[in-house]
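An overview of the molecular structure
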Amino acid sequence: MIALYSEAHAAHAPAFENFRGERVPCFETPQRAQIIRAQLQARGHAMGAPHVDSRSVLAQVHTARYLRFLEGAWAQWLAIDAANAGRQPFPSVWPVRTLRSDVEPANFTARLGLYSMDNGAPLVEGTWQAAKAGADAAASAAALLLAGERSVFCCSRPPGHHAGADFMGGFCFLNNAAVAAQALRQGGAQRVAVLDVDYHHGNGTQSIFYDRADVLFASLHGDPRTEYPFYLGHTDETGEGAGHGFNLNLPLPAGCPVHDWFAALDVALSRIVAFRADALVVSLGLDTFAGDPISTFQLEAADFLRLGQRLAAARLPVIFVLEGGYAAAELGVNAVNVLDGFEQVCA
Ligand code: SP5
Ligand code: ZN
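All of these numbers come straight from a predicted model, not from anything done at the bench. Numbers given to residues run from 1 along each chain, matching the order in which its sequence is written. Numbering of ligands from 1 and lettering of chains from A proceed in the order in which they are written. The model is predicted, so local features are restricted to residues of pLDDT at least 70 and side-chain atom pairs to those at 80 or more, both for listing and for counting; the totals for chains, interfaces and linings are taken over all residues. The basis for every side-chain value is the complete set of non-hydrogen atoms in the structure, without hydrogens or water.

Okay, the overall build of the chain next. Summing up its helical and strand segments, the chain has ten helices and ten strands in all. A compact globule built from 347 residues should have a C-alpha radius of gyration of about 20 Å, and the chain, at 19 Å, falls within 12% of that. Seen through its principal axes, the chain has C-alpha atoms that stretch 55 × 45 × 40 Å. Residue burial is assigned from relative accessible area. The probe radius is 1.4 Å, only protein chains are included, and a residue is buried under 20% of its type maximum, exposed over 50%, and partly exposed in between. The buried share of the chain, reckoned over its 347 residues, is 57%. Contacts are assigned to residue pairs that have any heavy atoms within 4.5 Å of one another. Restricting to contacts in the chain with at least 6 residues of sequence separation, those with at least 24 account for 77%. Counting only carbon and sulfur atoms, one obtains 54% of the accessible surface of the chain, whose full area is about 13,300 Å². Of note, the chain has its 24 positive side-chain charges centred 4 Å away from the centre of its 34 negative side-chain charges. For the purposes of this entry, the term helix denotes a DSSP run of H or I that reaches at least four residues, the term strand denotes a run of E that reaches at least two, and both are numbered from the N terminus. Our radius of gyration looks at C-alpha atoms and nothing else; its globule reference is 2.2 Å times the residue count to the power 0.38. Note on areas: Shrake-Rupley, 1.4 Å probe, and residue coverage restricted to the protein chains presented here. Counted charges follow a simple rule, with Lys and Arg positive, Asp and Glu negative, and His plus the chain ends left uncounted. The atom standing in for a charge is NZ when the residue is Lys, CZ when it is Arg, CG when it is Asp and CD when it is Glu.

Now for the nonpolar core. Here is a general trend for soluble globular proteins: nonpolar side chains tend to be buried in one another's company. Counting residues in hydrophobic clusters, the biggest one holds 52 residues, and the most contacted among them are Phe-153, Leu-195, Trp-261, Leu-307 and Phe-320. For this core, the element with the most residues is helix 8 (residues 258-274), which contributes eight residues. Contact partners of Leu-195, with chain neighbours within four places excluded, come to Ala-218, Leu-220, Leu-265, Ala-268, Leu-269, Ile-272, Leu-280, Val-281, Val-282, Ser-283 and Leu-311. One finds Trp-74, Ala-139, Ala-141 and Phe-173 within the second-largest nonpolar core, a separate group that totals 49 residues. Put simply, buried Ala, Val, Leu, Ile, Met, Phe, Trp, Tyr and Cys residues joined by side-chain atoms within 4.5 Å make one nonpolar core.

Moving on to the sheet that holds strand 10 (residues 318-322). Only strands that DSSP links by at least two bridges are regarded as paired with each other. Here we have eight strands laid out as an open sheet, ordered 4-1-5-10-9-6-7-8, and parallel in their pairing. With one partner strand each, in any of the chains shown, strand 4 (47-48) and strand 8 (247-252) form the two edges of the open sheet. In this sheet, strand 10 lies alongside strand 5 (residues 151-154) in parallel orientation, the contact comprising four bridges. Considered in strand 10, the bridge of Ser-151 is made with Val-318. What counts as an axis is a line fitted to C-alpha atoms, over the stretch in contact for a helix, and the angles between N-to-C directions run from 0 to 180 degrees. Where helix 10 (residues 328-346) meets the sheet, it contacts strand 5, strand 9 (279-284) and strand 10, and its direction lies at approximately 170° from that of strand 10.

Our focus in this paragraph is the coordination of the zinc ion (ligand 2). Listed donors are limited to N, O and S atoms within 2.8 Å of the metal, widened to 3.2 Å for Na, K and Ca; water is not among them, so incomplete-looking sites are possible. Around the zinc ion (ligand 2), the protein contributes the donor atoms Asp-198 (OD), Asp-198 (OD), His-200 (ND1) and Asp-287 (OD), at 1.9 to 2.8 Å from the metal centre. Between consecutive donor residues of the zinc ion (ligand 2), the sequence gaps follow D-x1-H-x86-D. With His-200 in the loop between strand 6 (192-196) and helix 7 (203-209) and Asp-287 in the loop between strand 9 and helix 9 (301-312), this residue pair connects regions lying 87 residues apart in the sequence. Using a relative accessible area of 0% as the deciding quantity, one classes Asp-287 as buried.

Here is the structure:
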C-alpha cells in the first residue's frame, strides 16, 4: 500500500492545550506521524509525498472566509503584538444561539471564536502549512485511487474529522477525509462512502455531507451523551433534504466490549455495500485502542488487524486518512496493523 507522508506536519507542534483549567501537554503530537512512518518503513510499505494541490477541492469543502481566516491567522495574531510569537491564541467568545455568525468581526479573538467549535484546536505558526499538506495528501490519494490504485494511506496530521465547512475544533483544522471524498467525486466516482472509526464522532464530516446523497457518512463512536464532541452523533441524525437516509450514526456506550464494536462495524459495512459505493474513505482514528489516554473503547493490537481484514471484505478501493489516536508508543503498530490486515485479504 502506498503511504503519503510530508514532513510539513511537524510544523504544527502546539506547546500545550487546556484541560480542566490547566495547561497540559498537547495529546496530538508530531511524534504520532513519525512513529507510524517508522512502522510503515519497518514493514516495507512504499512511501510517497503529496503531489496534488488541494486548493480547488478545499474551496468545495470549506467556506472561502474560513480558509482566508485560517491561512492568515498567524500573521494577524502577530500583528496585534509582536510578543504573540511566543503565545498560542485560544478563542474565548463564540456566536452560540441568538448571536450572529453572518457578520465577520474585525477583532481577532472574536473571529477565532466564530471559526471554532471549542478551544481544543491549538493554533501555532505552522498550523496552516501542516494542515494544507494533509489536505494535499488527501487530494493526492484520490488521484492515485482514480488512476487505479487499490488503497492509499494518508499519514498526515493534524487530523480533520471535527473540522466543519467553517470551523476548527478537536485538534482539527481542514477536513482531510472530506477533501478525499470530494476529490473522488470530482474525479468521476459516482458514490463515495466515508466510514469514520475514530473514537469520537466525525461531526465535521457529517455536517459537510449532511444534505447530499452522493456521499454516505457512517460512523462508530462513543455515545455523544457522555463523549466528545457531545453535540452531534446521535442515531436520529439520518441526513436532510436529498441527503435523507445517507447518514448513519452508530453510537456505542463508553467502555463497550470489542465484540459490540465489531457488530456495529458490520452494520456500517452492510450499509456501505447496499449504497453501492464506488470508493471508500476511512477516517482512521486509532483512539479506540484500550490504552488510549483520552478514550474508553477496548480494542487491542490484534483487533486492528481484524479491522483491516473486515474493511477489505467490502472489495472497494480505499483511502485511509489518519485521524485521532493518542497512545503514541503503540500507534505505529496499531495503524499499520489495519493496513496490513487490509492487504492480507486483498492479496
Ligand atoms: C481527532 C480527535 O480524536 N480529536 C479528539 C478531540 C478530543 N478533545 C476533547 C478531549 C477531552 C478528553 N477528556 C478525557 C480526559 C481523560 N483524562
Ligand atoms: Zn478521536
